[in-house]
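Structure at a glance
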Amino acid sequence: AQSVSQHNHHVILSEAASLELGCNYSYGGTVNLFWYVQYPGQHLQLLLKYFSGDPLVKGIKGFEAEFIKSKFSFNLRKPSVQWSDTAEYFCAVTGVNTGFQKLVFGTGTRLLVSP
Amino acid sequence: NAGVTQTPKFQVLKTGQSMTLQCAQDMNHNSMYWYRQDPGMGLRLIYYSASEGTTDKGEVPNGYNVSRLNKREFSLRLESAAPSQTSVYFCATSPGGEGADTQYFGPGTRLTVL
C-alpha cells in the first residue's frame, strides 16, 4: 500500500520568500501525484498534478512541483510567496495499476505567510 | 453548476445519536468518496463508491455506513455517534471509474459529538 510523508508540518515565511514543501511517497510502482491546497475556511482545491511526461509540472498561482522518481519525491515550490498563499497544503499519491486506485493523502503542511 | 454540495454545514450531536451527511454532485462523475479530516492526520478515506451501485470500505470505515442512492448522491450515516467521530467530513468526486482521476471536493461538514 502507498503512503505519503510531508515532513514540514508548519512553515512560516515572510512575503516574497521562496517556498519549498517536501513530499515523499512510498510505492513500488508507477504513481500519479497531486498537490491540493485548502485556504482558511474553504474546501480542498487541486493545485497541480503529475500523471506522466515532463517531471516539472506547473500549477495555478505560480506553483510548481518536480517529480524525482529516484528520490520518491514530489516537492512543491514557489519562487515568491504572497500573503494570500496562507493555507494548508496536502500532497497525495495514487498507484497506477489495474483496478480502482484510491488517493492517499499526506498529513498536510500549514503555511503562514506574514505580510 | 454547483459542483459538489454537502449538507449540513455544521452539526452537533450527543453521543449515541444518529445522523446522515448528504452529498450531491452535478458533475456527472462516476466515483464518489467520503473523507474525514483531523488535525495532524490529513484526510483519511472512510468509504468510496467507484461507480453507481457499488460501495467499498476505505481506511477508517468503522462506525459509518454509506449509500450510493443514485449517480448524483452519496450519503454517509453515523448510526451511533461517538466523540471520536468529531471531525470535518468531506465528500469528493472524480470523473471516471479509476481513482487516479483528479478529485473534486465539497465544502465540508463540521461535526461535533459531545
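Only a predicted model underlies this, so the values are computations on that prediction, with no experimental measurement involved. (Residues numbered from 1 in each chain as written. Chains lettered and ligands numbered in written order. Predicted model: local features only at pLDDT ≥ 70, side-chain atom pairs only at ≥ 80, totals over all residues. Heavy atoms only, no water.)

So, the sheet that holds strand 3 (residues 19–25) of chain B
All names here are of chain B. Taken together, 4 strands build an open sheet; the order of strands is 1-3-8-7 and the sheet is antiparallel. Strands at the two margins of the open sheet, each flanked by one partner only, are strand 1 (4–7) and strand 7 (64–68). Averaged over all adjacent pairs, the angle separating strand axes in this sheet is 15°, with direction ignored. In terms of strand pairing, strand 7 meets strand 8 (residues 74–78) through 5 bridges, oriented antiparallel. Its bridge partner lying in strand 8, Ser67 is registered against Ser75. (Pairing = 2+ DSSP bridges. Helix = DSSP H or I, 4+ residues; strand = E, 2+ residues; numbered from the N terminus. Axes fitted to C-alpha atoms, helices over the stretch in contact; angles between N-to-C directions.)

Regarding the pairing of strand 9 (residues 87–94) of chain B
Residues and elements named next belong to chain B. Burial runs high along strand 9: 8 of the 8 residues are buried. Pairing of strand 9 with strand 11 (residues 109–113) involves 3 bridges; the strand directions are antiparallel. Paired with Tyr89 across the two strands is Thr109, which belongs to strand 11. In this structure, strand 9 lies alongside strand 10 (residues 104–105), joined through 2 bridges in antiparallel fashion. Residue pairing in the sheet places Ala92 in a bridge with Phe105 of strand 10. (Buried < 20%, exposed > 50% of the residue type's maximum accessible area, 1.4 Å probe, protein only.)

Thoughts on the interface of chain B and chain A
Taken residue by residue, the interface counts 22 residues in chain B and 19 residues in chain A. Note on chain B versus chain A: buried area summed over both sides is about 1600 Å², and carbon and sulfur give 63% of it. Contributions of two or more residues to the side of chain B that touches chain A are made by strand 4 (31–38) and strand 5 (42–49) of chain B. The residue inventory of the side of chain B that touches chain A, partitioned by class, reads 11 nonpolar, 9 polar and 2 charged. (Contact = heavy atoms within 4.5 Å. Buried area = accessible area lost by both parts, 1.4 Å probe. Nonpolar A, V, L, I, M, F, W, Y, C, P; charged D, E, K, R; others polar.)

Re the state of the cysteines
This model, assessed by the stated rule, comprises 2 disulfides over all chains. Bridging A:Cys23 to A:Cys91, the disulfide has an S-S length of 1.9 Å. The S-S bond linking A:Cys23 to A:Cys91 shows a torsion near -65°; that makes this disulfide left-handed. Taken together, the positions of A:Cys23 in the loop between strand 3 (19–21) and strand 4 (24–26) and A:Cys91 in strand 10 (residues 87–95) put the pair 68 residues apart, joining distant regions of the chain. With respect to class, A:Cys23 is no different from A:Cys91; both count as buried. What pairs with B:Cys23 in a disulfide is B:Cys91, and their sulfur atoms sit 1.9 Å apart. Between B:Cys23 and B:Cys91, the disulfide has an S-S torsion of -70° and is therefore left-handed. Within this pair, whereas B:Cys23 is found in strand 3, its partner B:Cys91 is found in strand 9, the two being separated by 68 residues in sequence. B:Cys91 matches B:Cys23 in its accessibility class, with the two residues each being buried. (Disulfide = S-S within 2.5 Å.)

Observations concerning the packing of aromatic side chains
Tallied over the full model, the rule gives 13 aromatic pairs over all chains. Ring geometry for A:Phe34 and A:Tyr36: centres 6.2 Å apart, planes at 25°, overall stacked. For the pair A:Phe34 and A:Tyr36, one class covers both residues: buried. On the basis of an interplanar angle of 75° and a centroid distance of 6.1 Å, the ring pair of A:Phe105 and B:Phe105 is categorised as edge-to-face. Linking A:Phe105 in strand 11 (residues 104–105) with B:Phe105 in strand 10, this pair reaches from one chain into another. (Phe/Tyr/Trp six-rings, centres within 6.5 Å; stacked < 30°, edge-to-face > 60°.)

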